[in-house]
Amino acid sequence: AAARSTLAAAAADAQAAPLVLRAARAPQADELARCCAALAGALGLERLAQAPRVEVDADLIAGWELEGAGARVRNHLGADLARIGAELARDASAERAPSPEPAR
């Protein structure tokens, strides 16, 4: 039931405000049409009220990012590298932290 209400909310958001699709390169017309059809299907809609606004962002390197009023989906190499860098920094920070004193 919770998943269904979340999906319904996402569908309502997608119909009310335009989605933003960011990609490392501008999609071809047929790629954008397939993307719109897949998004509509995933949201349980026959079709989107409007196509996503497309923004080109070379920092994504490869892949795409989809942003709506209440969510962002990141599926690109730039996001993967950022997550790896954050984890490496966290691990390095934990290694530098002083060890707790043993209890006496």
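The structure we're discussing is the one just above.
Quick look at the structure, then. Chains are numbered independently. Their residues run from 1 in the order of the written sequence. The predicted origin of the model limits local features to residues at a pLDDT of at least 70 and limits the giving and counting of side-chain atom pairs to 80 or more, whereas totals for whole chains, interfaces and linings rest on all residues. For side-chain calculations, the full set of non-hydrogen atoms in the structure is used, while hydrogens and water are omitted.

Remarks on the layout of surface pockets
In step 1: Approximately 210 Å³ is the volume found for the second largest pocket.
In step 2: Forming the walls of the second largest pocket are L21, A23, A24, R25, P27, E31, C35, G63 and W64.
In step 3: Counting only elements with at least two residues in the lining of the second largest pocket, the list comes to β1 (20–23), α2 (29–42) and β3 (63–67). Here the term cavity refers to a set of points on a 1 Å grid, laid over the protein atoms alone, in which a 1.4 Å probe fits but cannot get out; the term pocket refers to an open set having protein on both sides within 12 Å along at least five of seven lines, with lining residues being those that place an atom within 4 Å of a point. Grid points are joined across faces, edges and corners, and a volume is the space filled by probe spheres set on the points. Strands here mean DSSP runs of E at least two residues long; helices mean DSSP runs of H or I at least four residues long; both are numbered from the N terminus.

Things to note about the nonpolar core
In step 1: Among the nonpolar cores identified, the biggest contains nine residues, and these are L19, L21, L32, C36, L39, A40, L43, L48 and L66.
In step 2: The dominant element in this core, judged by the number of residues it contributes, is α2, at four residues. We call a set of buried residues a nonpolar core when its members are Ala, Val, Leu, Ile, Met, Phe, Trp, Tyr or Cys and they connect through side-chain atoms within 4.5 Å of each other. Only protein chains enter the area calculation, which uses a 1.4 Å probe; residues under 20% of their type maximum are buried, those over 50% are exposed, and those in between are partly exposed.

Considerations on the pairing of β1
In step 1: Judged by which residues are buried, β1 turns out to be covered on both faces: V20 and R22 on one side and L21 and A23 on the other are all buried.
In step 2: Two strands form a pair only when DSSP identifies at least two bridges running between them. The sheet contact formed by β1 and strand β2 (residues 53–56) spans four bridges and is parallel. Bridging from a neighbouring strand, V20 pairs with R53 of β2.
In step 3: What joins β1 to β2 is α2, and the crossover it makes is right-handed.
In step 4: The pairing of β1 with β3 spans four bridges and is antiparallel. Residue pairing for β3: L21 is matched across the bridge by L66. By convention, orient the strands away from the viewer: a clockwise path from the first strand over the helix to the second makes the crossover right-handed.

What to know about the pattern of salt bridges
Pairing is possible between side chains that carry opposite charge, provided their charged atoms lie close to one another.
In step 1: Take a side-chain nitrogen of Lys or Arg and a carboxyl oxygen of Asp or Glu: if they are within 4 Å of each other, that pair is a salt bridge. The tally for this structure, following the rule as stated, stands at twelve salt bridges.
In step 2: The partner of E55 in a salt bridge is R53, with the nearest N and O atoms 2.8 Å apart.
In step 3: Assessed through its relative accessible area of 44%, R53 is described here as partly exposed.
In step 4: Of the charged contacts, one joins R83 and D80 as a salt bridge, the two residues approaching to 2.4 Å between their closest N and O atoms. Of the two residues, R83 and D80 both sit in helix α3 (residues 77–96), three residues apart, roughly one turn of that helix.
In step 5: Salt bridges sharing common partners tie together R22, R53, E55, E65, E67, R72 and R74.

Points about the environment of V56
In step 1: Secondary-structure assignment places V56 in strand β2.
In step 2: Residues V56 and L21, 35 residues apart in the sequence, show an inter-C-alpha distance of 8.5 Å.
In step 3: Whether two residues are in contact is decided by their heavy atoms, any of which lying within 4.5 Å being enough. Among all residues touching V56, those that are not within four sequence positions of it are A23, A24, R25 and A26.

A word on the state of the cysteines
In step 1: Cysteine sulfurs are considered disulfide-paired once they come within 2.5 Å of each other. Scanning the entire structure with this criterion turns up zero disulfides.
In step 2: Unpaired in this structure, C35 has its nearest cysteine sulfur neighbour in C36, at a distance of 5.7 Å.
In step 3: According to the relative accessible area criterion, C35 is partly exposed, its value standing at 24%.

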